[in-house]
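These are the residues of each chain, in order.
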Amino acid sequence: MRRLALFDLDNTLVDRTAGLRRWAEEFCADHGIDAGHVDWIVEADGDGHVPKQALFTRLRERFGLREPAEELWARYRRRQPTLVPACQGALEGLAALRQAGWTIGVVTNGFADVQLTTITRSGVAGYVDAWAISGAEGARKPDRRLFEIAAERCGVSLASGGWMVGDDPAADIAGGRAAGLSTVWIDRGRSWPGRTPKPDRTVPGAAEAVAFLLTR
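Basis of the calculations
- Residues numbered from 1 in each chain as written.
- Predicted model: local features only at pLDDT ≥ 70, side-chain atom pairs only at ≥ 80, totals over all residues.
- Heavy atoms only, no water.
- Helix = DSSP H or I, 4+ residues; strand = E, 2+ residues; numbered from the N terminus.
- Rg over C-alpha atoms; globule rule 2.2 N^0.38 Å.
- Buried < 20%, exposed > 50% of the residue type's maximum accessible area, 1.4 Å probe, protein only.
- Contact = heavy atoms within 4.5 Å.
- Areas by Shrake-Rupley, 256 points an atom, 1.4 Å probe, with all protein chains shown as cover.
- Lys, Arg positive; Asp, Glu negative; His and termini not counted.
- Charge placed at Lys NZ, Arg CZ, Asp CG, Glu CD.
- Disulfide = S-S within 2.5 Å.
- 1 Å grid on protein atoms, 1.4 Å probe; cavity = no way out; pocket = protein on both sides within 12 Å on 5 of 7 lines; lining within 4 Å.
- Points joined across faces, edges and corners; volume = space filled by probe spheres on them.
- Nonpolar A, V, L, I, M, F, W, Y, C, P; charged D, E, K, R; others polar.
- Core = buried A, V, L, I, M, F, W, Y, C linked by side-chain atoms within 4.5 Å.
- Axes fitted to C-alpha atoms, helices over the stretch in contact; angles between N-to-C directions.
- Parallel < 35°, antiparallel > 145°, perpendicular 65-115°, else oblique.
- Left-handed = near helix turned anticlockwise from the far one by under 90°.

(A) Examining the overall build of the protein more closely. Assigned secondary structure in the protein consists of 10 helices and 6 strands. Expected size for 216 residues packed as a compact globule is a radius of gyration near 17 Å; at 18 Å, the protein falls within 12% of this value. Over its C-alpha atoms, taken along the principal directions, the protein stretches across nearly 60 × 30 × 30 Å. For the protein, buried positions account for 49% of its 216 residues. Within the protein, residue pairs in contact and separated by at least 24 positions form 60% of the contacts whose partners lie at least 6 positions apart. A total accessible area of about 10000 Å² is found for the protein, and carbon and sulfur atoms account for 47% of it. Charged side chains in the protein number 28 positive and 28 negative. The centres of these two groups are separated by 3 Å.

Written out as structure tokens, the structure is:
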């Protein structure tokens, strides 16, 4: 039986925060904005949870930009995904999992074009068997359906079990558990929020998650 490992994308396999910072540095340089505002822009993004229309409306107003918020968002959408690197050790870890006989999928929420560009440009696409992106599938984590789509594309049934690795307590850990998967939480230096049952394992990053899975 093939073992299944499903991974979240942003801040699990790829360093979205690093990619955002690179974009913010370019944005400031292109608009003549002092680089000291980069930290403010990264914080205003709210770790990706702030709606982009609201974010770019704030940026436009704060820096007195002429371009409409929609145009700023469109430019971001084309550029930022090309700047997101894989997390340290993530690609090497995925390669080790595949060599050990694991089947690997990505389950991610987000816009289809943004996430697909991130998967391909970061190099993740070359190390996984399939992916399911909420913007393309009409289902969002923690909806079980998105996990099912990823597993089916990997040629594996969720009924056979497996693991879900991610950094979001609700979308990845509670969602993965509801889909019948064991879970690994990437804590990113945070404490477990306590509003849901704890994951089966807590690790600081993707490399450590893979090292754990290789012992299963």
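Moving on from the model shown.
(B) Region of the structure containing the state of the cysteines. Summed over the entire model, instances satisfying the criterion amount to 0 disulfides. Unpaired in this structure, Cys 87 has its nearest cysteine sulfur neighbour in Cys 154, at a distance of 19 Å. For Cys 87, a relative accessible area of 18% corresponds to the buried category. Overall, Cys 154 belongs to the buried group, its relative accessible area being 5%.

(C) A look at the layout of surface pockets. Taken as a whole, the largest pocket encloses approximately 720 Å³ of empty space. What lines the largest pocket is a set of 32 residues, and nearest its centre among them are Asp 10, Gly 48, His 49, Asn 109 and Gly 110. Listed by contribution, the elements that provide at least two residues to the lining of the largest pocket are α4 (69-79), α6 (112-121), α7 (134-137) and α9 (169-178). Here the residues of the lining of the largest pocket sort into 9 nonpolar, 11 polar and 12 charged. Within this model, the second largest pocket holds a volume of roughly 230 Å³. Forming the boundary of the second largest pocket are 13 residues, of which Asn 11, Cys 87, Arg 188, Pro 204 and Gly 205 lie nearest the centre. With 3 residues, helix α10 (residues 206-213) is the single largest residue contributor to the lining of the second largest pocket. Looking at the lining of the second largest pocket, its residues break down into 5 nonpolar, 5 polar and 3 charged.

(D) Seen up close, the nonpolar core. Within the largest apolar cluster, 28 residues are counted, with the highest numbers of intra-cluster contacts made by Phe 7, Leu 13, Val 124, Val 184 and Leu 213. Broken down by secondary-structure element, the contributors of at least two residues to this core are β1 (3-7), α5 (90-99), β2 (102-108), β4 (163-166), β5 (182-186) and α10. Look past the residues within four positions of Leu 13 in its chain and what remains in contact with it is Phe 7, Asp 8, Ala 86, Cys 87, Ala 90, Leu 94, Val 106 and Val 124. Leu 59, Leu 72, Tyr 76 and Leu 83 belong to the second largest nonpolar core, which has 20 residues in total.

(E) Fine view of the packing of helix α1 (residues 16-30) against α4. Relative orientation of the contacting elements α1 and α4 amounts to 130°, with a least axis distance of 11 Å. Overall, the two elements α1 and α4 adopt an arrangement that is oblique. Helix-helix and strand crossings are classified by hand; for α1 and α4 the assignment is right-handed. Taking contact as the criterion, the partners of Arg 16, Leu 20, Trp 23, Glu 26 and Phe 27 in α1 are, on α4, Leu 72, Tyr 76 and Arg 79. Its residues placed into classes, the contact of α1 with α4 shows 5 nonpolar, no polar and 3 charged.

(F) Representation of the environment of Ile 104 within the structure. Considering the arrangement of structural elements, one finds Ile 104 in strand β2. Setting aside chain neighbours within four positions, we find Ile 104 in contact with Ala 5, Phe 7, Leu 94, Leu 97, Arg 98, Tyr 127, Val 128, Asp 129, Ala 130 and Cys 154.

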